[in-house]
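Coordinate inspection notes
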Amino acid sequence: MGHRTSMVRRPSGRSRFEGAVKGILFGAAAVSVLTTIAIVFSLLNETLSFFGDVPIGDFLFGTKWTPQFAADQQSFGVLPLVWGTLYLTGIGLIVAIPVGILSGMYLSEFAPRRVRKVIKPILEVLAGVPTIVFGYFALTFFTPEVLKNGLGLDVNQFNALSAGIVLGILVVPTIATLVEDAMSSVPQSLREGSAGLGANRVQTAVRVVFPAALSGVVAALVLGASRAIGETVIILIAGGQQANLSLNPYESYQSMAAFIAATARGDIPTGSIKYETIFVVGMTLFVFTLILNMVSIRLVRKYRQVYE
Amino acid sequence: MTGAQIAARAAKHVVIPKASGKDRAFAAFFQALMYGAIGLSMLALATLLYDVARDGAPRISWDFLTSFPSRIIPANSGIQSAIYGTLWLMVICAVIVVPLGIATAIYLEEYADRTKWWNRLVEVNIQNLAAVPSVVYGILGLAFIVRGPVSLGRTLLAGGITLSLLVLPVVIIVAREAIRAVPPSIREGSLALGATQWQTIWKQVLPGSIAGIATGVILALSRAIGETAPLLVIGAAVNPRFNPDGLGSAFTALPIQIFAWTQDPNREFVELAAAAILVMMVVLLLMNSVAIFLRNRYEQKW
């Protein structure tokens, strides 16, 4: 050591370099924030000009969605699209909630290690299958061969039942994995306590571990629902492209996401009312998933606090 | 509720004098339900693969892989332009997502002070972005990248950027986990030997987490090449009879070609969709195998 360093150092070249690195890395992190701003800005911009043409009340509470008609017969009530989205998601969740929870519970509480080693990768493969493949499956197999030939139902070629059930299958791995995570993070002492009181494994899993993991389980369901609400291609291919405000699962329905993909093609003129509908529906969809996602983040945070 | 409270509540409710027949019957019934649930997922996957293979396998040939799509004659139709488009998109995505994703992950794990509101904002924001529906990214691409401020037109680069933004949160989340798995003692040792923070990250933390990061990148890319909705919205070309020749070229991709064929009333075209799905699934399977190989071969055990 040739010289003494004072306690307060002037920034050396080295520390300036360190500062620059930090700045660059922060810049990269800022890209994701800019992405959000760009999404909100582009949605908001066209949404506002849409509401310059159509009163907001007509949009939110109107029961007819016919932007494809000639100008004097157009009607922009979003309720049929919202209903179609919720209806299809509902059918999907009727399948995905029990199957997902039971699968997650099995993997966390019952599966022997060797069985888990087989089932987990299969669920991962199922989660990695592109949604267009599910769409193809719903259109060419589930509707004609299972619903029509197998069960003898009188469904349309495009129908809510097939699209909804396949949507449910798509969501199962998401829910199962998150439920498994939530249940396996319940401390072992609770299981031991329950077993010590004489409960068998099923009773322990259902009445002790499951309630203890409940907020995590609910977060899993919310995330699954948000995934189903935003899913596009399955509904576009197998659910049909007809805005519908009825209850019949054999009929064709359109969801918000499917409407956007069906309407937005490269050649749609900027500034036309049709162009604006993409954004106003996109905004509605964005708000739906944002709310669901915030709820799920809150729930996960809450249940982490309990045991960590 | 604390664990003790839950246990106390459990103790109040779970009162079992002896294992009655009813309890045992319920246990058996419930286990059967769980096997059924697992079986259903397996069955769904098996049926799906069977359906695609049955429709698509007879259609796969060298001609199918090397021909351009035809609107009129299914037998002469192929997926050359779609394969090229997908490969281009994959490269563009990788070039954008790898530096951006890793840099963000390093910032959040190694530098960010969590008591500062802007760092928490970045974190919550990434969680939210991961849950934004892919079709909304398509809208972003259409309004911001294809038209509007960036105005790249309906080009490969616009498609690649849109898909990159879509999968960026996946890369960030997985890379963060990999970086977090490097134990603090490694960093402390390096710092104690006089290395700066960046030297520590570059020489110790990144090499220790590279396998996990690579896995995340591959998973993100395999998600990107399967995405249909955003490319539909930004206006990928339908049935182009040419390969893209640069970043400014019009393009199609495998999912877009598959979608176009499923919409065709001619059943023979629909079977071509199955063949294209098979090709896409083989590509995805290869990528996933590489990811699993990397994870098993290079993952550090601390």
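Residues numbered from 1 in each chain as written. Chains lettered and ligands numbered in written order. Predicted model: local features only at pLDDT ≥ 70, side-chain atom pairs only at ≥ 80, totals over all residues.

Of the regular secondary structure elements, chain A holds twelve helices and zero strands. Ordered by position from the N terminus, the helices and strands of chain A form the series α-α-α-α-α-α-α-α-α-α-α-α. In terms of overall dimensions, chain A is more spread out than a globule: its C-alpha atoms have a radius of gyration of 25 Å, far above the 19 Å expected for 308 residues. Considered along the principal axes of its C-alpha atoms, chain A spans approximately 85 × 65 × 35 Å. Residues classed as buried in chain A amount to 49% of the 308 residues present. A sequence separation of at least 24 residues applies to 73% of the contacts in chain A between residues at least 6 apart. (Helix = DSSP H or I, 4+ residues; strand = E, 2+ residues; numbered from the N terminus. Rg over C-alpha atoms; globule rule 2.2 N^0.38 Å. Buried ≥ 20, exposed ≤ 12 C-beta atoms within 10 Å, placed from the backbone. Contact = placed C-beta atoms within 7 Å.)

A tally of regular secondary structure across chain B gives twelve helices and zero strands. Shown N-terminal to C-terminal, the secondary structure of chain B runs as helices and strands in the order α-α-α-α-α-α-α-α-α-α-α-α. Relative to its length of 302 residues, chain B is extended, with a C-alpha radius of gyration of 25 Å against a globular reference of 19 Å. Each principal axis of the C-alpha distribution contributes one length, and for chain B these read about 70 × 70 × 40 Å. Out of the 302 residues in chain B, the part that is buried amounts to 43%. Taking all contacts inside chain B whose residues are at least 6 apart in sequence as the whole, residues at least 24 apart take part in 75%.

Residues and elements named next belong to chain B. Examined at the domain level, chain B breaks down into domain 1 (21-59) and domain 2 (64-298). Counting residues at the interface gives six residues for domain 1 and seven residues for domain 2. Per-class residue counts for the side of domain 1 that touches domain 2 are three nonpolar, one polar and two charged. (Domains from an automatic or database assignment. Nonpolar A, V, L, I, M, F, W, Y, C, P; charged D, E, K, R; others polar.)

Below, the discussion takes up the interface of chain B and chain A. The partner chain A presents 82 residues to the 83 residues of chain B that form the contact. If one sorts the elements of the side of chain B that touches chain A by residue count, helix α2 (residues 21-56) of chain B sits on top with 19 residues. Here the residues of the side of chain B that touches chain A are counted per class, giving 57 nonpolar, 21 polar and five charged.

This next bit is on unusual backbone geometry. Residues and elements named next belong to chain B. Notably, S151 is not glycine yet its phi reads approximately 50°, a positive angle. Structurally, S151 is set in the loop between α6 (134-146) and α7 (156-180). Here the phi dihedral of N239 falls at roughly 50°; this positive angle occurs in a residue that is not glycine. For N239, the location among the structural elements is in the loop between α10 (229-234) and α11 (254-262). Here N239 falls in the partly exposed class, since 16 other C-beta atoms lie within 10 Å of it.

Looking now at the domain arrangement of chain A. All names here are of chain A. Entries for chain A in the domain assignment read domain 1 (13-53) and domain 2 (71-307). Here the C-alpha centre of domain 2 lies 30 Å away from the C-alpha centre of domain 1. Counting from both sides, the interface comprises six residues of domain 1 and, opposite them, eight residues of domain 2. Taken together, the residues of the side of domain 1 that touches domain 2 break down into two nonpolar, two polar and two charged.

Residue and element names in this part refer to chain B. At their nearest, the axes of α11 and helix α12 (residues 267-298) sit 7 Å apart, and the two run at 160° to each other. The pairing of α11 with α12 is recorded here as roughly antiparallel in orientation. Of the two possible hands of crossing, α11 and α12 adopt the one that is left-handed. Contacts between α11 and α12 involve L254, Q257, I258, W261 and T262 from the former and F269, V270, L272, A273, A276, I277, V279 and M280 from the latter. Of the residues assigned to the contact of α11 with α12, the class counts are eleven nonpolar, two polar and no charged. (Axes fitted to C-alpha atoms, helices over the stretch in contact; angles between N-to-C directions. Parallel < 35°, antiparallel > 145°, perpendicular 65-115°, else oblique. Left-handed = near helix turned anticlockwise from the far one by under 90°.)

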